[in-house]
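The chain contents come next:
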Amino acid sequence: MSIDLQDIQGNIVKGYAQYDYPKARYVFYHIRNEVAGRAFVKGIAPLVTTGIPWNKKAKPNAADAPPPATTNIAFTYMGLKMLGVPRKSLQTFPEEFVMGMKLRKDILGDDGPSDPRHWDRIWRDTSVHLWISINGRDPASIETRYQEISHLVAESDGGIIQLSGHHGPDGSTDLPYQSASLIYKNGIPQAREHFGYRDGIGEPYFMASSGHPNRVIGGGKPTRGDPATRKGWEPLETGEFILGHRDEAFETPIAPQPPLLAFNGTFMVYRKLHENVGSFNRYLDTVGENYPGGKELLAAKFSGRWRSSGAPVTRFPTNATAETFEFQLNEAEARLYAERENPSKEAKEAYVALRTQMAAFDYNHDLEGSRCPLGAHIRRINPRGALEHGKEAFNTPGALTNRRRILRRGLPYGEVADDSRDDGDHGIIFIAINASISRQFEFVQQQWINYGNDFKLANDKDPLTGNHGVDSNQQPTGRMILQGNSTATENPFFCAGIPRFVETRGGDYFFIPSLTALHMLSNGTVDPT
Amino acid sequence: MSNIAGKAYAMNVVTPAKWYWVWVNKLFFWFVQLPGGAAYLKGLLTLSLIHYARWAIVSPKEFPHLDESQPKEKLKYSYMFFFSNFNGSWDQYVDSFHAAIPQGLDLFWFKNVKYPKSVPLQPFHAYITYNQIWTSHYYSAYPLATSNDIKSARHLTRELRAFSESSARADPLEFHEAYQRLLRDVQQDISIMERTPIVSLSAQAVEQRLDQADAERADQ
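Residues numbered from 1 in each chain as written. Chains lettered and ligands numbered in written order. Predicted model: local features only at pLDDT ≥ 70, side-chain atom pairs only at ≥ 80, totals over all residues. Heavy atoms only, no water.

J.: What's the story with the sheet that holds strand S1 (residues 4-5) of chain B in this structure? I'm lost.
T.: Adjacent strands of a sheet form backbone hydrogen bonds with each other and so pair up, either parallel or antiparallel. Strand order in this open sheet of four strands is S1-S2-S4-S3 (chain B), and the pairing throughout is antiparallel. If you trace the sheet from one side to the other, it starts and ends with S1 and strand S3 (50-58) of chain B, each paired once. (Pairing = 2+ DSSP bridges. Helix = DSSP H or I, 4+ residues; strand = E, 2+ residues; numbered from the N terminus.)

J.: Please clarify how helix H10 (residues 277-290) of chain A should be interpreted in this entry.
T.: Since the α-helix packs 3.6 residues into each turn, any two residues three or four apart lie on the same face. With 14 residues, H10 of chain A should cover 20 Å at 1.5 Å per step; its first-to-last C-alpha distance of 20 Å lies within 8% of that length. In the core, the buried residues of H10 of chain A are packed alongside strand S10 (266-275), helix H11 (294-303) and strand S15 (493-498) of chain A. (Expected span 1.5 Å × (residues − 1). Contact = heavy atoms within 4.5 Å.)

J.: How should I be thinking about the interface of chain B and chain A in this particular structure?
T.: Note: interface size is frequently given as the accessible area lost on complex formation between the parts. Contacts between the two partners involve 39 residues from chain B and, on the opposite side, 49 residues from chain A. Taking both partners together, chain B and chain A bury about 3,600 Å²; carbon and sulfur atoms supply 51% of that area. Inspection of the chain B/chain A interface yields one salt bridge. A salt bridge links Arg479 of chain A to Glu194 of chain B, with the nearest nitrogen and oxygen atoms 3.3 Å apart. Counting the contacts that link chain B with chain A gives 23 residue pairs in polar contact (both at pLDDT 80 or more). When residues of the side of chain B that touches chain A are traced back to their parent elements, those giving at least two are helix H2 (42-46), helix H3 (90-100), helix H4 (102-108), helix H5 (121-131), helix H6 (147-166), helix H7 (172-185) and helix H8 (201-219) of chain B. With six residues, H3 of chain B is the largest single contributor of residues to the side of chain B that touches chain A. Grouping the amino acids of the side of chain B that touches chain A by side-chain chemistry returns 16 nonpolar, 16 polar and seven charged. (Buried area = accessible area lost by both parts, 1.4 Å probe. Salt bridge = Lys/Arg side-chain N within 4 Å of Asp/Glu carboxyl O. Polar contact = N/O pair within 3.5 Å; in protein donor to acceptor, adjacent residues only side chain to side chain. Nonpolar A, V, L, I, M, F, W, Y, C, P; charged D, E, K, R; others polar.)

J.: Teacher, can you tell me more about helix H8 (residues 139-155) of chain A here?
T.: Residues and elements named next belong to chain A. The first and last C-alpha atoms of H8 sit 24 Å apart over 17 residues, in line with the 24 Å expected at 1.5 Å per residue. Taken together, the buried positions of H8 are Ser141, Ile142, Arg145, Tyr146, Ile149, Ser150, Leu152 and Val153. In this structure, the buried side of H8 is in contact with strand S1 (23-31), helix H2 (34-44), strand S2 (69-75), strand S3 (130-136) and strand S4 (160-162). After H8 finishes, the residue Asp157 shows a positive phi value of roughly 60°. (Buried < 20%, exposed > 50% of the residue type's maximum accessible area, 1.4 Å probe, protein only.)

J.: Whenever I open this one, the nonpolar core confuses me. Can you help?
T.: Most often, soluble globular proteins have nonpolar side chains that are buried together. Ranked by size, the top nonpolar core spans 123 residues in total, and within it Tyr26, Phe40, Tyr270, Phe302 and Cys495 of chain A carry the most contacts. Counting residues in each nonpolar core, the second largest holds 46 residues, with Phe443 of chain A together with Val13, Phe86 and Tyr115 of chain B among its members. (Core = buried A, V, L, I, M, F, W, Y, C linked by side-chain atoms within 4.5 Å.)

J.: What should I look at first to understand the environment of Thr157 of chain B in this one?
T.: Along the chain, Thr157 of chain B turns up in helix H6. Taking the C-alpha atoms as reference points, Thr157 of chain B and Phe63 of chain B, separated by 94 residues in sequence, lie 43 Å from one another.

J.: What am I meant to see in the packing of H2 of chain A against H8 of chain A here?
T.: Packed helix pairs are characterised by how far apart their axes lie and by the angle those axes make with each other. All names here are of chain A. Closest axis-to-axis distance for the H2/H8 pair is 10 Å, and the angle between their directions is 155°. As far as their axial angle goes, H8 and H2 are roughly antiparallel. By crossing handedness, the relation of H2 to H8 is classed as right-handed. Residues Phe40, Gly43 and Ile44 of H2 form the contact with H8, whose participating residues are Ile149, Leu152 and Val153. Taken together, the residues of the contact of H2 with H8 break down into five nonpolar, one polar and no charged. (Axes fitted to C-alpha atoms, helices over the stretch in contact; angles between N-to-C directions. Parallel < 35°, antiparallel > 145°, perpendicular 65-115°, else oblique. Left-handed = near helix turned anticlockwise from the far one by under 90°.)

J.: What am I meant to see in the environment of Arg379 of chain A here?
T.: All names here are of chain A. With respect to the helices and strands, Arg379 occurs in helix H14 (residues 377-381). Residues Arg379 and Gly414 lie 35 residues apart in sequence; the distance between their C-alpha atoms is 28 Å. Beyond its immediate chain neighbours, meaning those up to four positions away, Arg379 contacts Tyr363, Asp366, Leu367, Gly369, Cys372, Pro373, Leu374, Ala386 and Phe455. In this structure the side chain of Arg379 is engaged in a polar contact, spanning 3.0 Å, whose partner is the backbone oxygen of Asp366.

So, in structure tokens, the structure goes:
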């Protein structure tokens, strides 16, 4: 099935970091009046990056040439209202989008240190209407695009206000935008977050996805075939991620009216997540000393993947197997990086073969969780076929999973100055794209990250990202069982006193319109009758 | 009035069916209760969020007529009563049925009036919503327990009792080994029950108002 990639914003179908755009700037605006708002959007529209496939060899100004910096735009409910979208249309937007992230805190588990009272000032004191992201290859390209946009703001004569109030390093609390970037090691950008885990591995693969067809392995929905091959997977329906297309329920998703406003658009979650690096390292050091497998295996059991290589622990259960894999992966990546201007076929194939192994698995040979614990992060956020509990009981193994997938488009932010401390300003700008924020992002956050019943784990939470609480003595109450092997003599290991490693520092829900809808919004021609 | 108590949701759905079709549904329900028929319920039984689900078909003349003061009714249809208690939200439950056992649902509700089939989802949602009877009173004695928790607790109790009997006179080494074995046997059954996540903001608001009213009454 083909979709009109020229009509779809590029950030929906492309994770820019994988296309050599390692840095981003997220800027937020407030619309003071409708006319200025529409004029601003009209000025932005020609700058917006679409989903058309890029040709690296195209001439710099060709339509399919990768731009020096990308630009994408999205709106909150209040933003759409300020642009004059008629009430009849506004009333067709989903409840959670209308409410916004702050009012959904009880659903999302944003309590204690994650409570909106502690969020960056921009999310507390102002009303965010509009989000613009600029992803770039280097800071200069980002700055150039930022200046172009700032010029449009100046032209609005006060009709558009760029909102400041982002916290930054050095205790600043009033930065004018949020910066984000891949983390660099020896001058090379790494797909890694501040706890040291390799990130950005699991990416849903749907009908309109681009990239190597092997990405369906582990990225699509499970069939009853061999998970190590393409036969074990099928692409998800496009409607899980883009409105107006068929979804996994064999219908077009519930969407705002008129249809042309929603078609080729989607919803986005923006969330600034602080990482308590000091607490995390201390826990690994302390508990890792008593854990028979040691600190690195403990970190792997938390996530379901080895920190340094990203190799799935269910497939590479021992240090030795993981290290061999990591060595091969590093070689393949170094070669690909060295040949990045004109990579050879062999270099690409060697890398794809290893990359595929990182995703080519399910949990059917690990039902009791002795390799990958039942409560490990990746097993929670994408259980693959595991909710069948090995019984081949459902219509399809992914029956309870296929409609809970999200596209992740975020980047790390900040730098860790002292890895024994929690303070500072560093973490992940989590960006999720999905057709339904409540069915996809919120469900995963509530039921699979902050709760455990679907995995038969009572109230246990995700060890890494769960909102672990404290008892009456302010001692952390997070817990996790690392299941042992009941047929061998390997005992379960009990992790207790897990503190909250990740805290929410702000965010909101956004609507990403198609290019067509963007023109309708800027011209004020949205009419649901 | 709420369909939610603790971690459980109570759903009642009453759907009409033409009397001359319900023998098919009855045949199907009879069949799945045969020893070999359970295989057809595997999907339903694997949906671990369900406390229980029950279907009952009532023909027009089976409706009770209590005494003369009750007006006589002329019923045109047989009715299928579906009752279920489950953990999680309405959406999670209905969507799980729809995705996991669509063919099974279409047999259960075979030929029920205006049953749209379980796939696609939006008409199925509308059908269930239209025919659902809200619960006027719902009480949960164990508001922290899900169906999975209860199963785990029962297994844990059984194993622990057996262990304490069998190991009562074990020497330290035997005891140690038996204890380790016990741990491995019950590793899927140990956790802590806490309050439910808030699956519905409106249900949460109702609960808070009722708690507030209770507190005020207690003050008086």
